[in-house]
Amino acid sequence: MPLKLEGSCRCGAVSFSVDSHTPAPYQLCYCSICRKQQGGGGFAINLGALATTLEIEGQDRIGVYCAEIEDDEHPHCEASSGERSYCRDCGSALWLYDPSWPELIHPFASAIDTELPKPRTRVHLMLKYKASWVEPEIRKGDETFDLYPKLSIADWHRKHGMWVD
């Protein structure tokens, strides 16, 4: 059975649950979108979950943000296909959904109230775009990537024995 993740915003206007085979908060994203929308430490941590299992209370309090991207990989401004949901009352980032992968939803670890498994190693991605003031805490065994990691969230969980059946 996948792990049922329970989450909420800071003010309590929105709560949700979603099932996850990949609940380890191992992947730290330093891109400007994650950092500015959610990451107080200069990064955000997204989990993986099954989109069809998402249940929401307070749906009417949710806003959706689609970032515009213009960087070295996107020299012309384009809208991201990623839909970042947040609480319109308190601004808490809740999850990311991208229709390119309709079976998945990516809750922000910071919005999850369920106890999460602690990964032994982490992946630091999008380091090319980290803020100059950010000093990543890279531990022994951690992997680093200027852009995207080699393994998907599911593949990383399988490789590290953290996949939840």
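Everything below is about the structure shown above.
Calculation rules
- Residues numbered from 1 in each chain as written.
- Predicted model: local features only at pLDDT ≥ 70, side-chain atom pairs only at ≥ 80, totals over all residues.
- Heavy atoms only, no water.
- Pairing = 2+ DSSP bridges.
- Helix = DSSP H or I, 4+ residues; strand = E, 2+ residues; numbered from the N terminus.
- Salt bridge = Lys/Arg side-chain N within 4 Å of Asp/Glu carboxyl O.
- Buried < 20%, exposed > 50% of the residue type's maximum accessible area, 1.4 Å probe, protein only.
- Phe/Tyr/Trp six-rings, centres within 6.5 Å; stacked < 30°, edge-to-face > 60°.
- 1 Å grid on protein atoms, 1.4 Å probe; cavity = no way out; pocket = protein on both sides within 12 Å on 5 of 7 lines; lining within 4 Å.
- Points joined across faces, edges and corners; volume = space filled by probe spheres on them.
- Nonpolar A, V, L, I, M, F, W, Y, C, P; charged D, E, K, R; others polar.
- Contact = heavy atoms within 4.5 Å.

Undergrad: Mind showing me how you'd approach the pairing of strand β12 (residues 104-107) here?
TA: Sheet faces and side chains relate simply in a regular strand, where the side chains alternate between the two faces. Judged from the 2 bridges that link them, strand β5 (residues 49-50) and β12 form a sheet pairing that is antiparallel. Across the sheet, residue Leu50 finds its bridge partner in β12, namely Leu104. Judged from the 2 bridges that link them, strand β11 (residues 93-97) and β12 form a sheet pairing that is antiparallel. Opposite Trp95, over in β12, you have Pro107 as the bridge partner. From the end of β11 to the start of β12, which pair antiparallel, there are 6 residues.

Undergrad: Would you mind showing me how to read the sheet that holds strand β13 (residues 123-125) here?
TA: Within a beta sheet, neighbouring strands are joined by backbone hydrogen bonds and run either parallel or antiparallel to one another. Read from one edge to the other, the open sheet built from 4 strands follows the order β4-β3-β13-β14, with strand pairing classed as mixed. The open sheet has two free edges, formed respectively by β4 (44-45) and β14 (143-144), since each of these has just one partner strand. Relative to β4, strand β3 (residues 27-29) runs antiparallel, the two being bridged by 2 bridges. Within β4, the residue paired with Cys29 across the bridge is Ala44.

Undergrad: Looking at this model, I keep getting lost on the pattern of salt bridges. Mind explaining?
TA: Any two side chains of opposite charge can pair if their charged atoms end up close together. As enumerated under the stated definition, the model contains 4 salt bridges in all. Among the ionic pairs, Arg61 bridges to Asp89, the shortest N-O distance being 2.6 Å. Taken together, the positions of Arg61 in the loop between β6 (55-57) and β7 (62-65) and Asp89 in the loop between β10 (83-87) and β11 put the pair 28 residues apart, joining distant regions of the chain. Judged by its relative accessible area of 43%, Asp89 is partly exposed. A salt bridge links Arg158 to Asp155; the shortest N-O distance between them is 3.6 Å. Note that Arg158 and Asp155 are positioned in helix α2 (residues 153-159) at a spacing of 3 residues, about one turn of the helix. Among the residues examined, Arg158 registers a relative accessible area of 47% and is labelled partly exposed.

Undergrad: Looking at this model, I keep getting lost on the packing of aromatic side chains. Mind explaining?
TA: Aromatic rings considered in pairs are described by the distance between their centres and by the relative angle of their planes. Evaluated as defined, the whole model comprises 3 aromatic pairs. Seen in terms of ring centroids, Tyr26 and Trp156 are 3.7 Å apart; in terms of plane orientation they differ by 5 degrees. Their pairing is stacked. Of this pair, Tyr26 sits in the loop between β2 (15-20) and β3 while Trp156 is found in helix α2, placing the two residues 130 residues apart along the sequence. Of the two residues, Tyr26 and Trp156, neither departs from the other in class, the shared state being buried. An angle of 55 degrees between the planes, with centres 5.5 Å apart, marks the rings of Tyr30 and Phe43 as tilted. With Tyr30 in the loop between β3 and α1 (32-37) and Phe43 in the loop between α1 and β4, this pair connects stretches of sequence that are 13 residues apart.

Undergrad: Could you clarify how one ought to interpret the layout of surface pockets in this entry?
TA: The gaps left among the atoms become clear once a water-sized probe is rolled over them. Space inside the largest pocket adds up to approximately 1200 Å³. What lines the largest pocket is a set of 46 residues, and nearest its centre among them are Arg84, Leu96, Asp98, Trp101 and Tyr148. If you list the elements that add at least two residues to the lining of the largest pocket, you get β2, β3, α1, β5, β8 (68-71), β9 (74-79), β12 and α2. Per-element tally for the lining of the largest pocket: the top contributor is β8, with 4 residues. Looking at the lining of the largest pocket residue by residue, the classes come out as 24 nonpolar, 13 polar and 9 charged.

Undergrad: In this structure, what is going on with the pairing of strand β1 (residues 3-8)? I would like to understand it.
TA: Relative to β2, β1 runs antiparallel, the two being bridged by 6 bridges. By the bridge assignment for β2, Leu5 is matched with Val18. Hairpin connection between β1 and β2: a loop of 6 residues separates the two successive antiparallel strands, and Gly12 in this loop has a positive phi of roughly 90 degrees.

Undergrad: I would appreciate a short explanation of the side chain of Arg122 in the present structure.
TA: In this fold, Arg122 is placed in the loop between β12 and β13. Among residues more than four places away in sequence, those in contact with Arg122 are Tyr26, Leu28, Glu137, Ile138, Arg139, Asp142 and Glu143.

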